[in-house]
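Examination of the molecular architecture
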Amino acid sequence: MATVVVFLLFLLPLLSHHLTAAVSSSGSGGTRLRFFWHDISAGPDPSAVLVAQSATRSSSSFGTVKVMDDPLTAGPNRSSLLVGKSQGIYVSADKETAGLLMAMTFSFVVGKYNGSTLAVVGRNEVKTETREMAITGGTGQFRQARGHAQARTHSFDPTTD
Ligand SMILES: *[C@@H]1O[C@H](CO)[C@@H](O)[C@H](O)[C@H]1NC(C)=O
Ligand SMILES: *[C@@H]1O[C@H](CO)[C@@H](O)[C@H](O)[C@H]1NC(C)=O
């Protein structure tokens, strides 16, 4: 399975002035970032692996834990520019529907954000068109970052590559 998700990040204006100078501002005074997240859980080189699952089976995969090291790219094609990695876990934490708890670090590798990270945590109800997660902090250019991330599924490929 391969899932491509568009992430739109909205960051509040950073409070400390050395960061305000370092990060470009959009019209609203905050920073916006857009990229594509690739979660590949099958094939010869998966970016997400199953590490635990519940003994009882449920249609929502309740109790499943996966670890990811997912590429973040500038465009929807996986071979487009790599802008960073999404590293962390997602847990099927909903007994009724496909609802994940995401806990991940977006670690950037290009431009002025190279080496900077954002901490993202929240609920990802994967069948909902737009999901929102919290940006709870960051490092480097994103130190003391606050904001939110919006995720939309761009494409889903159930084949095994
Ligand atoms: C992705 O890019 C590769 C290499 O440029 C190209 O061969 C492929 O057709 C592209 N895939 C899509 C879906 O555009
Ligand atoms: C990002 O930073 C690393 C470590 O400092 C460096 O090796 C790499 O060339 C940088 N990449 C870009 C695209 O600037």
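Residues numbered from 1 in each chain as written. Chains lettered and ligands numbered in written order. Predicted model: local features only at pLDDT ≥ 70, side-chain atom pairs only at ≥ 80, totals over all residues.

If you check an unreviewed UniProt entry, the protein chain appears there as Dirigent protein from Platanthera zijinensis. Checking UniProt for the protein chain, the heading Subunit (unreviewed entry) contains the comment "Homodimer." (UniProt positions renumbered as here; feature names shortened; annotations may be inferred.)

**Overview of the pairing of strand β1 (residues 2–11)**
Taken together, the ten bridges between β1 and strand β2 (residues 31–40) define a ladder with antiparallel strand orientation. The residue bridging Leu11 from the neighbouring strand is Thr31, located in β2. Both β1 and strand β9 (residues 147–157) contribute to a ladder of ten bridges, which runs antiparallel. Residue Phe10 lies in a different strand from β9, and its bridge partner there is His148. (Pairing = 2+ DSSP bridges. Helix = DSSP H or I, 4+ residues; strand = E, 2+ residues; numbered from the N terminus.)

**Focus: the environment of Ile40**
Looking at the element boundaries, Ile40 is found in strand β2. Sequence separation of Ile40 and Asp69 is 29 residues, and the distance between their C-alpha atoms is 9.4 Å. Residues in contact with Ile40, not counting those within four places in the same chain, are Ala2, Pro46, Ser47 and Ala48. (Contact = placed C-beta atoms within 7 Å.)

**A word on the site of ligand 2**
Close contacts around ligand 2 come from Val109, Val110, Asn114 and Gly115, and that covers them all. Residues that form the shell around ligand 2 fall into these classes: two nonpolar, two polar and no charged. (Near = placed C-beta within 6 Å. Nonpolar A, V, L, I, M, F, W, Y, C, P; charged D, E, K, R; others polar.)

**Regarding the pairing of strand β8 (residues 131–139)**
The sheet contact formed by strand β7 (residues 117–125) and β8 spans five bridges and is antiparallel. In the sheet register, Val120 faces β8, and the bridge partner there is Ile135. As consecutive antiparallel partners, β7 and β8 are separated by five residues. When β8 meets β9, the two strands line up antiparallel, connected through five bridges. Directly across from Glu132, in β9, lies its bridge partner Gln150.

**Topic: the nonpolar core**
Counting 29 residues, the largest nonpolar core has Phe7, Val120, Ile135 and Ala149 as the members making the most contacts within it. Among the elements of the structure, β1, β2, β4 (65–73), β5 (82–92), β6 (99–108), β7, β8 and β9 are those that each provide at least two residues to this core. In contact with Ile135, not counting residues within four places along its chain, are Leu9, Leu11, Leu118, Val120, Ala145, Arg146, Gly147, His148 and Ala149. (Core = buried A, V, L, I, M, F, W, Y, C linked by C-beta atoms within 7 Å. Buried ≥ 20, exposed ≤ 12 C-beta atoms within 10 Å, placed from the backbone.)

**A word on unusual backbone geometry**
In this structure, Ser61 is a non-glycine residue whose phi angle is positive, near 60°. Residue position: Ser61 is located in the loop between β3 (48–52) and β4. We note that Gln144 has phi near 65°; this positive angle belongs to a residue other than glycine. Its location among the elements puts Gln144 in the loop between β8 and β9.

**Observations regarding the confidence of the model for the protein chain**
On average, residues of the protein chain score 89 in pLDDT, and 89% of them are at 70 or above. Per-element mean pLDDT across the protein chain ranges from 44 in helix α1 (residues 17–22) up to 98 in β6. Taken as a whole, residues 16–27 scores under 50 in pLDDT and shows 16 contacts with residues more than four places along the chain or in a different chain. (pLDDT = per-residue confidence, 0-100.)

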